Amino acid sequence: MAQLNFGGVIENVVTREEYPLEKAREVLKDETIAVIGYGVQGPGQSLNLRDNGFNVIVGQRQGKTFEKAISDGWVPGKTLFSIEEAAQKATIVMCLLSDAAVMSVWPTLKQYLTPGKALYFSHGFAITWNDRTGCVPQKDIDVIMVAPKGSGTSLRTMFLEGRGLNSSYAIYQDATGRAYDRTIALGIGIGSGYLFETTFQREATSDLTGERGSLMGAIQGLLLAQYEVLRENGHSPSEAFNETVEELTQSLMPLFAKNGMDWMYANCSTTAQRGALDWYPRFHDAIKPICQWLYMSVKLGNEAQISIDANSKPDYRAGLEKELKALRESEMWQTAVTVRKLRPENN
């Protein structure tokens with residue numbers, strides 16, 4: 001394990017150089033890995049494991065997702081099974097179901113978690129708030145986590161490109177003495193770039209905070225607010241969108257993703273530099289109290305309960321589609337459709 005300096009803080013990191021794929025294969029050579037769920041993370045993790053030479057099977061209920069697994073090359077009765085049969089066959093059960101689905105499947109899944117097996121998650125939600133989810137694992141199994149820092153689609157795409165998506169890892173319970181090696185080997189097997197250490201609780205709280213904050217919730221709120229102000233002051237939809245979204249995603253984000261915010265500031269106009277340096281503290285001071293409020297809501301379990309309640313409703317899908325439809329059909333994101341068509345690479 002390497003110790004690296006992250007902004008003055010030393011953290012433990014596992015790289016593919018020190019823990020190569022060959023070592024991961026050796027660690028898991030006698031294991032049967034069952035990926036339970038073929039939704040968001042399931043396809044990417046299972047396909048990467050399969051391509052990397054691990055003994056992996058998939059457990060999925062009948063339906064469209066089961067058919068998708070077949071189209072990806074999983075064979076019913078050989079590498080594709082019901083959730084129950086896959087869990088029974090496995091020595092490592094990778095639970096990649098949605099948080100709501102984990103709760104509904106847990107009573108069934110738990111009976112197949114016999115002594116010495118490993119229960120794997122890619123999100124700390126079910127375990128961190130198990131007083132609400134009911135997911136309390138037996139003491140005689142390993143409970144581990146590898147959480148890719150991106151979607152399953154990104155994990156698969158970057159794997160096929162010869163790159164890796166960074167992941168966090170955690171060990172909640174080590175019953176066998178092999179939990180660490182199982183965890184890291186799986187992290188390498190699914191195609192992680194490097195792995196950094198966390199806990200189930202830290203991963204769950206940071207993940208929910210990020211999703212509601214800068215990664216998704218806050219960014220939409222910020223973009224919409226600026227777009228609306230420009231539109232209310234007579235700017236056209238195309239101008240408001242380009243100055244709010246298009247320049248950010250197509251020009252500036254690649255620059256600070258590659259070289260950092262200071263480099264991006266140094267390579268824009270002096271007018272932009274001055275404005276950015278003057279205004280970011282004001283946004284910081286306005287937004288930090290909201291971030292603190294958000295974090296406490298996550299930490300106290302309020303956000304988890306909201307998710308559990310909403311996602312457990314029988315009409316959840318219909319309600320979700322209604323909200324997404326409103327977002328999709330808003331002027332700003334309909335403007336985006338036209339702007340994307342006008343990009344040179346699409347002509």
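The structure this text deals with has already been given above.
Owing to the predicted nature of the structure, the values given are computational and were not obtained by experimental measurement.

Conventions we followed
- Residues numbered from 1 in each chain as written.
- Predicted model: local features only at pLDDT ≥ 70, side-chain atom pairs only at ≥ 80, totals over all residues.
- Heavy atoms only, no water.
- Helix = DSSP H or I, 4+ residues; strand = E, 2+ residues; numbered from the N terminus.
- Rg over C-alpha atoms; globule rule 2.2 N^0.38 Å.
- Buried < 20%, exposed > 50% of the residue type's maximum accessible area, 1.4 Å probe, protein only.
- Areas by Shrake-Rupley, 256 points an atom, 1.4 Å probe, with all protein chains shown as cover.
- Lys, Arg positive; Asp, Glu negative; His and termini not counted.
- Charge placed at Lys NZ, Arg CZ, Asp CG, Glu CD.
- Pairing = 2+ DSSP bridges.
- Core = buried A, V, L, I, M, F, W, Y, C linked by side-chain atoms within 4.5 Å.
- Contact = heavy atoms within 4.5 Å.

(A) Region of interest: the overall build of the protein chain. Scanning the protein chain from terminus to terminus reveals 17 helices and ten strands. Whereas a compact globule of 347 residues would reach a radius of gyration of roughly 20 Å, the protein chain reaches 22 Å, a difference of no more than 12%. Burial statistics for the protein chain: of 347 residues in total, 38% are counted as buried. Only carbon and sulfur atoms are counted for the fraction: they give 55% of the accessible area of the protein chain, which is about 18600 Å². Of the charged side chains in the protein chain, 35 are positive and 40 negative, and the gap between their average positions amounts to 4 Å.

(B) Local environment of the pairing of strand S6 (residues 92-95). The alternating pattern of S6 places Ile92 and Met94 on one face and Val93 and Cys95 on the opposite face, and all of these are buried. The pairing of strand S3 (residues 33-36) with S6 spans four bridges and is parallel. Note on S6: the bridge partner recorded for Ile36 is Cys95. Looking at chain direction, S6 and strand S7 (residues 118-121) are connected through four bridges and run parallel. Paired with Val93 across the two strands is Leu119, which belongs to S7.

(C) Region of the structure containing the pairing of S3. Going residue by residue along S3, you find Ile33 and Val35 tucked away on one face and Ala34 and Ile36 tucked away on the opposite face as well. In this structure, S3 lies alongside strand S4 (residues 56-59), joined through four bridges in parallel fashion. Its bridge partner lying in S4, Ala34 is registered against Ile57.

(D) Just the nonpolar core, in detail. The biggest cluster of nonpolar side chains holds 34 residues, and the ones touching the most others in it are Ile33, Trp74, Ile92, Met94, Tyr120 and Leu186. A total of five residues in this core trace back to one element, the largest contributor, which is helix H9 (residues 179-189). Setting aside residues up to four positions removed in sequence, Leu186 forms contacts with Leu28, Ile33, Leu49, Ile92, Met94, Tyr120 and Ile144. With 28 residues, the next largest nonpolar core counts Phe121, Ala126, Ile141 and Met145 among its residues.

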